[in-house]
Structure formats: C-alpha cells, structure tokens
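# Fold and geometry: a report
Residues per chain are reported as follows:
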Amino acid sequence: MKKMEIKTKNRNYPVIIGNSVLDLIYDLINQPGMYENLFIVVDENVFSLHEKYITNIFNETNKKIHFYKLKPGEHSKSFDGLETILSEMIEKKYGRDTLLISIGGGVTGDLSGFAASVYMRGIQVAHIPTTLLAAVDSAIGGKTGINFNNYKNILGTFYQPQFVIIDTKFISTLPKEEINSGVGELIKYAFLTNEIFYNYIYKNFDKIYSLEESVLNKIIYKSVLFKGSVISKDEFEGGLRKILNLGHTFAHAYESQTNYSLKHGEAVVMGIISALFLSYKKGLLSERRLKKFLKLPLRMKLSPEFVIRNYQSILKYMYGDKKNREGEIRFILLSGIGNLATDVKVNESDIHYAIEETVEVLS
Ligand code: GLY
C-alpha cells in the first residue's frame, strides 16, 4: 500500500493506492462529527461485479447510506445525469452533512464531483476510481464536469475531493478496452514526466495489459505523484496545468464527432499522435525524434476510420475548446519528454496536416 498527499492552496488530501485497500475508508470517514450521511454514486457495472465487497465495507460504517447506480457511458455525463442524482439526493433527504462518494471511472467521478460542487452550494466529495484511466488521471486534481451541446466537459468546476482511494482490485476486472483507454492517459504521463518513466512504460507495456500488480502499482503511483506536483503549483489551470491537456484538443474533437463511440483514452492517444505531428510541423521536433516518439502510442491498437471523413466537424469542435483564446485554437506541443509548449497558435492547414498524418500512420 502506498499513501501520498495532494497539496493545494486551501487543503491537502490523501491518495491511497493498493490492492484491496477499500476498508481503509473507515479511518477516513470515522471522524467525529463528520460524514454522518453517505450518498454513493456507483457505476452499475462495478456494482454488479463487486456488490458484496462494496456493501460489506460500507454497511460496517453504521452511517446513513444510499447507493445510486449510475448507467455506464459518456452519455451519463449530461444535464439529465446530473438532474437524476440531485433529485435523488433531495428525495432521500440528504443535507449539507453528506459525503458524496463516487465509485467508478472518469464519467462517475466527473459527474459526482460536479453534483457535489453544486448541491446546497457544495457538499464534500471523495473518489474511489475503478478504471485505470480514472486512477492515473481523472480522480486526481478536482476537475468535475458534464458534456453539453456535444462539447466535452464544457460545463464544470474545480472541486477537490476529501480523499481518493485507488483499490486496484477493481482494475483487475476491467474489460480490455477499458485498460486500453487507461493506457491512453498513461502514455500522456510518459511524455510529460521523464525519460525514466517513459522507458519503464515502454518496457513494461505488455505487463500493464496483463495487469501485473507491481507494474500497475508503480505506474499509478508515478502518474499520481506527477499530477499532484502539477496541481500543487497550478490548481486552476492558469499556466502549468495546461500541460496535462497534451493531445486533448484533438482528442475531445475526435470523441465529440464520433458521438463518444471512441473511448476517452483511445482518443487521447490519437490526439497525442496528432500533437506529435503538429510539433514536428512547427519545428519543435526533428523527423528522427518524431519517429522515435511515435513508437510508444503506436503500440496501442487503434482504428483510424472515423477521422478522415469529418475534418470540418473536427475543426468546429476544436473552436469550442476551453483552451482557446481570442477565438483561436491553442495547442499543447512537445519538444522532448518533459518539455512542453502551451498555448501554441497554429493555422488550419497545419491542423489538417496533423490529422491526415495521424490517419495515415494508424492505417
Ligand atoms: N485531466 C487533466 C487535468 O486534470 O488537468
């Protein structure tokens, strides 16, 4: 078991990582006078696979508990999804002394965090990520949100949790496509962190897919450690935190225009490939380095089919991206591992080039 602290200006919170560590929640919620009522938003699939494990632990807390089972999938991250949770909290008479706990992947965490941040002007929230993607990225750092008008995460808040418990027991039952999606965000951290971590991921790529415990623990720990260091310097994405969006301007557009049939992490990897080509086009990467850096994302098996037919719609989604300034699309580009450039302006023909090269290299 590993424990670390995420430090933000207003508050620090613990992140616990390990196998079968969910029962450590007792120490975190049995604080005198706090958390008398637990409203638990749990992904329906996770609940059916782990019902006994989850309910046994929570029933022993002797608190008022309600399990709200969330339909899996990106379409739950919507006004409808939000409304249903908030209505149920009102109906079940949950007040300000509630701790909302999310148990699930990125969708569950983002939606629950948003619900907690607006319910009665804000109640406390904690996350128990059950996917690799949520463990290495989305459960940490306090971003919450829903999709709206087909724009990804266009509505949301920054709202830090009270604690995060990453119990890798949940990850061991994930379907292959969910691991693939998590590896997408992991590849992002390979590029952001340093050569040592990049090489570790490259070398242990197959062991990640076979969910080898020590490898899983290490990649989650290192990603959370890195993300935590970024969050502690820039919680609200005024500057440094933007690097965590490497590949995401492309990725969000790819996801939106496929109506979310593409998994987020897979879209992120496609987006990173596009960002590498764009970095090359802007002179930040030599051809040799481009070829070298493409090797890691290309180890994932991805389908290119959707991109080529919809260039205009991809651009439309990019113009709606939150990172834009003065109506211009801005990108996070890379000149080396751990060397990022943020807010880079590029022209449409360069974007077109990057998308076409992405399609080409994935075919
Ligand atoms: N997923 C990127 C961030 O939390 O900033």
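What comes next concerns the included structure. (Residues numbered from 1 in each chain as written. Predicted model: local features only at pLDDT ≥ 70, side-chain atom pairs only at ≥ 80, totals over all residues. Heavy atoms only, no water.)

This brings us to the site of the ligand. Surrounding the ligand, one finds Asp137, Lys143, Lys227, Glu237, Arg241 and Leu244. Measuring from a nitrogen atom of the ligand, one finds a side-chain N or O atom of aspartate 137 at 3.0 Å. At 2.8 Å, a side-chain N or O of arginine 241 approaches an oxygen atom of the ligand. In the complex, 91% of the free accessible area of the ligand, which totals 200 Å², lies under the protein chains. A breakdown of the residues in the shell around the ligand according to their chemical character gives one nonpolar, no polar and five charged. (Near = heavy atom within 4 Å. Polar contact = N/O pair within 3.5 Å; in protein donor to acceptor, adjacent residues only side chain to side chain. Areas by Shrake-Rupley, 256 points an atom, 1.4 Å probe, with all protein chains shown as cover. Nonpolar A, V, L, I, M, F, W, Y, C, P; charged D, E, K, R; others polar.)

To continue, consider the side chain of serine 274. If you trace the backbone, serine 274 turns up in helix H12 (residues 264–281). Beyond its immediate chain neighbours, meaning those up to four positions away, serine 274 contacts Phe250, Tyr254, Ala354 and Thr358. (Helix = DSSP H or I, 4+ residues; strand = E, 2+ residues; numbered from the N terminus. Contact = heavy atoms within 4.5 Å.)

A separate point is the packing of aromatic side chains. Per the stated rule, a full pass over the model turns up 16 aromatic pairs. On the numbers, 6.1 Å between centres and 85° between planes, the contact of phenylalanine 58 with phenylalanine 67 is edge-to-face. Classification of phenylalanine 67 as buried rests on a relative accessible area of 16%. Consider the rings of phenylalanine 250 and tyrosine 254, whose centres lie 6.1 Å apart with planes at 40°: the pair is tilted. Linking phenylalanine 250 with tyrosine 254, this pair stays in helix H11 (residues 248–257), spanning four residues, or about one helical turn. These aromatic residues form a ring-pair network of at least three members: Phe39, Tyr68 and Tyr94. It is lysine 169 that lies over the ring of tyrosine 53; its NZ or CZ is 4.7 Å from the centre. Its guanidinium or amino end placed over the ring of tyrosine 317, lysine 316 lies 4.6 Å from that ring's centre, counting from NZ or CZ. (Phe/Tyr/Trp six-rings, centres within 6.5 Å; stacked < 30°, edge-to-face > 60°. Buried < 20%, exposed > 50% of the residue type's maximum accessible area, 1.4 Å probe, protein only. Lys NZ or Arg CZ within 6 Å of the ring centre and 35° of its normal.)

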